[in-house]
Every structure is written in structure tokens, then in C-alpha cells.
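# Per-entry structural report
So you can see what is in the structure, the chains are spelled out below.
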Amino acid sequence: MKTNNNIPTANQLLNKKYGKEGSDSRIQFNEKATSYYYGVLLRDKRKELRLTQTQLAEKSGTTRSYVARIEKGKTDMQVSTFVKLLTALGLGINISPIL
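Residues numbered from 1 in each chain as written. Predicted model: local features only at pLDDT ≥ 70, side-chain atom pairs only at ≥ 80, totals over all residues. Heavy atoms only, no water.

## Quick notes on the packing of aromatic side chains
The final tally for this structure, using the stated rule, is three aromatic pairs. Plain terms: the ring middles of Tyr18 and Phe29 are 3.9 Å apart, the flat faces sit at 20° to each other, and that makes the pair stacked. On the criterion of sequence distance, the pair formed by Tyr18 in helix 1 (residues 10–18) and Phe29 in helix 2 (residues 24–48) is long-range, its members being 11 residues apart. Exposure remark for Tyr18: the relative accessible area of 25% places this residue in the partly exposed category. For Phe29, a relative accessible area of 22% translates into the label partly exposed. Note on Tyr37 and Tyr38: the rings are 5.1 Å apart at their centroids and 75° apart in plane angle, and the pair reads as edge-to-face. We classify Tyr38 as partly exposed; its relative accessible area is 34%. Taken together, the ring pairs connect Tyr37, Tyr38 and Phe82 into an aromatic cluster. (Phe/Tyr/Trp six-rings, centres within 6.5 Å; stacked < 30°, edge-to-face > 60°. Helix = DSSP H or I, 4+ residues; strand = E, 2+ residues; numbered from the N terminus. Buried < 20%, exposed > 50% of the residue type's maximum accessible area, 1.4 Å probe, protein only.)

The following block contains the structure:
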């Protein structure tokens, strides 16, 4: 089977655009990507439960605008806020070793 060595890997593309792993720009990118990822997970579960942002905010003790910023990955939420949102959505955290 032939492979095309001219196609860059995902890591090569990330290195080119955001710098090598460990660089300040790559760390900043990873933080933003993580915030976005968890925001999407929360949004999708909220929608699955047919809750509005306002309803989720009320259940978790925050504001609708803050929930909106979290869902868009525009803020780096505290762990306590994340846990409140998870609880309001009927979710929990399972901590396990990284393999």
C-alpha cells in the first residue's frame, strides 16, 4: 500500500501553527482547546436534557451569561463551577490514573 509522505501529521500542523509542544503559544492553544471541549460537552448534555442556559444557571447557582461563555469555550472555569454544572446535569467525575 502506498503512503503519501507529503501529507503532514496533525502534530506537524499544530507545531507549525501554534509552536512546538511545551512552548508558551502551544500551552495557550491547548488551554483554549480544553475549555472549548468541556464547554461543548456541557452544552450537548444540557440540550439533551432540554434545559435552557437560564435553567442550568439557576440549577448550578451561576448566571446565564456565564453558562454561555463556558459553552463557547470563552472562559476558564474553576473546578468548583465545573462540578456544580456537572451535578446540575446529573453527571459526575470519575478520577483514574492516566495510562
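Resuming the write-up.
## Some details on the layout of surface pockets
Estimated volume of the largest pocket: approximately 300 Å³. Considering the residues around the largest pocket, the lining is formed by 13 residues, among which Glu31, Ser35, Thr75, Asp76 and Met77 are closest to the centre. Examining the composition of the lining of the largest pocket, we find that five residues originate from one element, helix 2, more than from any other. (1 Å grid on protein atoms, 1.4 Å probe; cavity = no way out; pocket = protein on both sides within 12 Å on 5 of 7 lines; lining within 4 Å. Points joined across faces, edges and corners; volume = space filled by probe spheres on them.)

## Quick notes on the pattern of salt bridges
When charged atoms on two side chains of opposite charge get close, those side chains can pair. Counted according to the given criterion, the structure contains three salt bridges. Residue Arg43 is joined to Asp44 by a salt bridge in which the shortest nitrogen-to-oxygen separation is 3.0 Å. (Salt bridge = Lys/Arg side-chain N within 4 Å of Asp/Glu carboxyl O.)

## Here we look at the nonpolar core
Within the largest apolar cluster, 13 residues are counted, with the highest numbers of intra-cluster contacts made by Leu42, Leu56, Ile70, Met77 and Leu85. Elements with a contribution of two residues or more to this core: helix 3 (53–60), helix 4 (64–71) and helix 5 (79–88). Ranked by residue count, the leading element in this core is helix 5, at four residues. For Leu85, the residues in contact, after removing those within four places along its chain, are Leu42, Leu56, Ser60, Val67, Ile70 and Met77. (Core = buried A, V, L, I, M, F, W, Y, C linked by side-chain atoms within 4.5 Å. Contact = heavy atoms within 4.5 Å.)

## Let's talk about helix 3
Of the positions making up helix 3, those classed as buried are Gln53, Leu56, Ala57 and Ser60. One side of helix 3 carries all its buried residues, which in axial view fall inside an arc of 100°. In this structure, helix 3 carries Glu58 and Lys59 as exposed residues pointing more than 90 degrees from its buried face. Check the buried side of helix 3 and you find it contacts helix 2, helix 4 and helix 5. Of the residues trailing helix 3, Gly61 is marked for its positive phi of about 75°. (Arc of directions from axis to C-beta.)

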